[in-house]
Amino acid sequence: MAVRRETGGWGVNHGMQAFVEVRDLTLRFSGVTALEDVGFDVGGGQICGLVGPNGAGKSSLFNCVSGYYRPSAGSIRVAGQDVLGVPAHRKVRLGIARTFQHPALQPERTVLDNVLLGGHSTLPGSVLSAMLALPGGRRRERALAAEARELLALLGLAGVERTPAGDLPYGSQKRVEIARALLSRPRLLLLDEPASGLTHAEVGELGELITRIRADHDLTVIVVEHHMGLISAVTDHVVALVGGRKVAEGTAQAVQSDPVVVSAYLGVA
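Residues numbered from 1 in each chain as written. Predicted model: local features only at pLDDT ≥ 70, side-chain atom pairs only at ≥ 80, totals over all residues. Heavy atoms only, no water.

The name an unreviewed UniProt entry gives the chain is ABC transporter ATP-binding protein, with Planotetraspora thailandica as the organism.

1. Examining the nonpolar core
Ranked by size, the top nonpolar core spans 36 residues in total, and within it Val115, Leu189 and Leu206 carry the most contacts. Counting residues per element, this core draws most heavily on helix H6 (residues 170–183), which supplies 6 residues. Apart from residues lying up to four places away in sequence, Leu189 is in contact with Ala97, Ala181, Leu182, Ile213, Leu219, Thr220, Val221 and Ile222. Counting 30 residues, the second-largest nonpolar core is a separate cluster that includes Val22, Ala56, Val86 and Val239. (Core = buried A, V, L, I, M, F, W, Y, C linked by side-chain atoms within 4.5 Å. Buried < 20%, exposed > 50% of the residue type's maximum accessible area, 1.4 Å probe, protein only. Helix = DSSP H or I, 4+ residues; strand = E, 2+ residues; numbered from the N terminus. Contact = heavy atoms within 4.5 Å.)

2. Topic: the packing of H6 against helix H7 (residues 200–216)
Look at H6 against H7: their axes get within 12 Å of each other, and the N-to-C directions meet at 5°. By the angle between their directions, the pair H6 and H7 is classed as roughly parallel. On H7, the residues that touch Gly171, Arg175, Ile178 and Leu182 of H6 are Glu202, Glu205, Leu206, Leu209 and Ile213. Residues of the contact of H6 with H7, tallied by class, amount to 5 nonpolar, 1 polar and 3 charged. (Axes fitted to C-alpha atoms, helices over the stretch in contact; angles between N-to-C directions. Parallel < 35°, antiparallel > 145°, perpendicular 65-115°, else oblique. Nonpolar A, V, L, I, M, F, W, Y, C, P; charged D, E, K, R; others polar.)

3. Things to note about the layout of surface pockets
Approximately 170 Å³ is the volume found for the second largest pocket. Considering the residues around the second largest pocket, the lining is formed by 15 residues, among which Gly171, Lys174, Arg175, Leu198 and Leu206 are closest to the centre. For the lining of the second largest pocket, the secondary-structure elements that each account for two or more residues are H6, strand S7 (188–192) and H7. Considering every element that reaches the lining of the second largest pocket, the biggest residue donor is H6, with 6 residues. Along the lines of polarity and charge, the residues of the lining of the second largest pocket split into 6 nonpolar, 3 polar and 6 charged. (1 Å grid on protein atoms, 1.4 Å probe; cavity = no way out; pocket = protein on both sides within 12 Å on 5 of 7 lines; lining within 4 Å. Points joined across faces, edges and corners; volume = space filled by probe spheres on them.)

4. A word on H6
Given a rise of 1.5 Å per residue, 14 residues ought to cover 20 Å, and the 20 Å separating the end C-alpha atoms of H6 matches this to within 8%. With 13 of 14 residues buried, H6 lies mostly within the body of the structure. Following H6 by one or two positions, Arg185 adopts a phi angle in the positive range, close to 55°. (Expected span 1.5 Å × (residues − 1).)

5. As for the sheet that holds strand S4 (residues 73–78)
Taken together, the 4 strands give an open sheet; going across it, the order is S2-S1-S4-S5, and neighbouring strands pair in antiparallel fashion. The open sheet has two edge strands, strand S2 (32–43) and strand S5 (81–82), and neither has a second partner. Bridging between strand S1 (residues 18–29) and S2 involves 8 bridges; their strand directions are antiparallel. What sits directly across from Val20, in S2, is Val42. Most of the contacts of helix H1 (residues 58–65) go to S2, to which it runs at about 65°, and overall it touches S1, S2 and S4. (Pairing = 2+ DSSP bridges.)

6. Things to note about the pattern of salt bridges
Inspection of every chain in the model, using the stated rule, returns 10 salt bridges. Residues joined in a network through salt bridges with shared partners are Glu21, Arg23 and Asp41. (Salt bridge = Lys/Arg side-chain N within 4 Å of Asp/Glu carboxyl O.)

7. So, a nonpolar patch on the surface
On the surface, a cluster of nonpolar side chains totalling about 380 Å² of accessible area is made up of Phe29, Val32, Tyr68 and Tyr69. For Tyr68, the position within the fold is in the loop between H1 and S4. (Patch = residues over 30% accessible without salt bridge, like charges linked within 9 Å, V, L, I, M, F, W, Y side chains within 5 Å. Areas by Shrake-Rupley, 256 points an atom, 1.4 Å probe, with all protein chains shown as cover.)

8. Points about helix H3 (residues 111–120)
Most of H3 is tucked away: 8 of the 10 residues are buried. When we look at burial in H3, the residues that qualify are Val111, Leu112, Asn114, Val115, Leu116, Gly118, Gly119 and His120.

9. Some details on the confidence of the model for the chain
The pLDDT averaged across the chain works out to 85; a share of 86% of its residues lies at or above 70. Predicted confidence is poor over residues 1–15, with pLDDT under 50, and the contacts of this stretch with residues over four places away or in other chains come to 52 contacts. (pLDDT = per-residue confidence, 0-100.)

10. Regarding the sheet that holds strand S6 (residues 96–98)
Spatial strand order, S6-S7-S8-S3-S9-S10: 6 strands in an open sheet with mixed pairing. Since the sheet does not close on itself, it has two edges, and those belong to S6 and strand S10 (245–250), each with one partner. Taking the axes of each pair of neighbouring strands and ignoring which way they run, one obtains an average angle of 20° across the sheet. Running over the sheet, H1 touches strand S3 (47–51), S6, S7, strand S8 (220–224) and strand S9 (237–242) and is turned about 150° from S7. The sheet contacts of H7 involve S3, S7 and S8, and relative to S3 the element is tilted by about 135°.

In structure tokens, the structure reads:
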């Protein structure tokens, strides 16, 4: 796919059914424009990379998709459904789950308890409390715990479910967060800088993991990431932001060779 450099609008992946549709997204804070007329599509089952220098608007866009920010203009549709206006705590019920740049775990609670929060997040608190008081609810809780252990094993964390999450190495904490997201059975997984703080070997393992869970769980994935090696290894499609605007999109190789991206993101004249 050739690089497309645009100042606004949209028009990518026309040959593939779009699962995520971002249209003319604009976000302003007290007169400061964080995003301006950003638009792109992500096809169902794709891994899309979102790249750009610090301050490019990547996290702002993620926060719009996941419900933490309400954009000033534009639209976001997931599986044909308008997801703007849905608060963050309800997005998981729409099949949207995310991780964070810095793992948002409860460090004093066990790894298993942290992962189980992903399964519980699909239920209102009152329903969960009532369910757990019933024999059927307890059976569901045991089934969730078994599923959580399977996810931990998939992510290379078998045997640590009783360990306090805060006692794990940083890279392992990131995997716990991925397991928690997967337990909510999402259709769209948002990964916010999953390679941050990882060693070179861990980044390689992470790339294999992302492609495997995409296939095994039938996911569409959007990855915000600075590690271009990971982006090149796992993505089908890349969108580059600079200064809150989309400046290029296409394959990882094409985007990385674009002069605007090379200058702004890689810091090379």
